[in-house]
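Breakdown of the fold
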Amino acid sequence: ILRFGIIYGKCTKKNCSVVESLIDKIIKQKKLIIDSRNISRKYIYIDDITHSIYLSLKYKQKKNNNIFDIQGPKQVNLGEIIKIITKKIKKNIIIKERNNRLKNIRKIDSSKSNKLLRFSPKFSIKEGISNIIDNYNENWSQINKKICN
């Protein structure tokens, strides 16, 4: 059994993560309203997910019902994601937090997956966001109609 963290990357209108949603909102708007910059997760890029699935299929189980948590390489909060996006697209944005004291941090141990599957995420959040923006940068007018509306 594979349990995935917050997956981001290539998305469709129906399955868009907070990362793609933030990219879309920052491009379209001058002001961004979020709960808190301190909300933190281990985001994982879609290409790392596909690699973890491949490794799990190769894994020779010694016992049944292994559960593997597949997570990104490090905890990243919304404030860091917003900085990466605004720097990449060279845009300043006004950020309004509903509750700047909110600290919602989800820490999940993925050491079992790293050890038994020999899985290690390849993409940092910065690389993943850069890939998303680079892939869509030339076609935002078409993508905006499809992504995260």
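Use the structure listed above.
Fair warning: this is a prediction, and the values are worked out from it, not measured in the lab.

**Some remarks on the overall build of the chain**
Regarding its fold elements, the chain presents six helices and eight strands. Along the chain direction, N to C, the helices and strands of the chain fall in the order β-β-α-β-β-β-α-β-β-α-β-α-α-α. Counting across all 149 residues of the chain, residues that qualify as buried make up 40%. Of the roughly 9500 Å² that the chain leaves accessible, carbon and sulfur atoms contribute 48%.

**What to know about the nonpolar core**
In terms of nonpolar packing, the biggest core is built from 22 residues, with Val19, Leu22, Tyr43, Ile81, Ile85, Ile125 and Ile129 touching the most fellow members. Going through the elements one at a time, α1 (18-28), β3 (31-34), β5 (43-45), α3 (78-89) and α5 (125-136) are the ones with two or more residues in this core. Each residue touching Ile85, except ones within four places of it in the same chain, is listed here: Val19, Leu22, Ile23, Ile26, Ile129 and Ile133.

**As for the pattern of salt bridges**
Throughout the structure, instances matching the rule amount to six salt bridges. Across the pair Glu80 and Lys74 runs a salt bridge, and its minimum N-O distance is 3.8 Å. We classify Glu80 as partly exposed; its relative accessible area is 31%.

**Thoughts on the packing of aromatic side chains**
Throughout the structure, instances matching the rule amount to three aromatic pairs. Here the aromatic residues Tyr8, Tyr45 and Phe123 are joined through ring pairs into a cluster of three or more.

**Some remarks on the side chain of Thr86**
Relative to the helices and strands, Thr86 is located in helix α3. In this structure Thr86 touches Ile26, Lys91 and Ile93, once residues within four positions along its chain are discounted.

**Concerning the packing of α1 against α3**
Relative to each other, α1 and α3 sit at 45°, their axes nearing to 10 Å. Our classification of the angle between α1 and α3 gives oblique. Where α1 crosses over α3, the two elements pack in a sense that is right-handed. Residues Val18, Val19, Leu22, Ile23, Ile26 and Ile27 of α1 touch α3, and the partners they reach there are Leu78, Ile81, Ile82, Ile85, Thr86 and Ile89.

What counts and how
Position numbers for residues count from 1 along each chain, tracking the sequence in the order it is written. Owing to the predicted nature of the model, reporting of local features is limited to residues with pLDDT of at least 70; listing and counting of side-chain atom pairs is limited to 80 or more, with chain, interface and lining totals taken over all residues. Remark: hydrogens and water are excluded; side-chain values derive from all non-hydrogen atoms of the structure. Secondary structure is summarised from DSSP: a helix means a run of H or I of at least four residues, a strand means a run of E of at least two, and numbering begins at the N terminus for each. Each residue is assigned to one of three classes by its accessible area relative to the maximum for its type, calculated with a 1.4 Å probe on protein chains only: buried under 20%, partly exposed between the two thresholds, exposed over 50%. Each accessible area is a Shrake-Rupley estimate made with a 1.4 Å probe; only the visible protein chains count as cover when residues are assessed. Working definition of a nonpolar core: buried Ala, Val, Leu, Ile, Met, Phe, Trp, Tyr and Cys residues. They are joined through side-chain atoms within 4.5 Å. Should any heavy atoms of two residues lie within 4.5 Å, those residues are considered in contact. The working definition used for a salt bridge is a side-chain nitrogen of Lys or Arg within 4 Å of a carboxyl oxygen of Asp or Glu. Here the aromatic set is Phe, Tyr and Trp, taking the six-membered ring for Trp, and pairing holds for ring centres within 6.5 Å; pairs whose planes are under 30 degrees apart are stacked, those over 60 apart are edge-to-face, and all others are tilted. Axis lines are fitted through C-alpha atoms, for helices just across the contact stretch, and the angle between N-to-C directions can take any value from 0 to 180 degrees. Orientation is classified from the angle alone, with under 35 degrees giving roughly parallel, over 145 giving roughly antiparallel, 65 to 115 giving roughly perpendicular, and any other angle giving oblique. By definition, any crossing whose near helix is turned counterclockwise from its far helix by less than a right angle is left-handed, and any crossing with a clockwise turn is right-handed.

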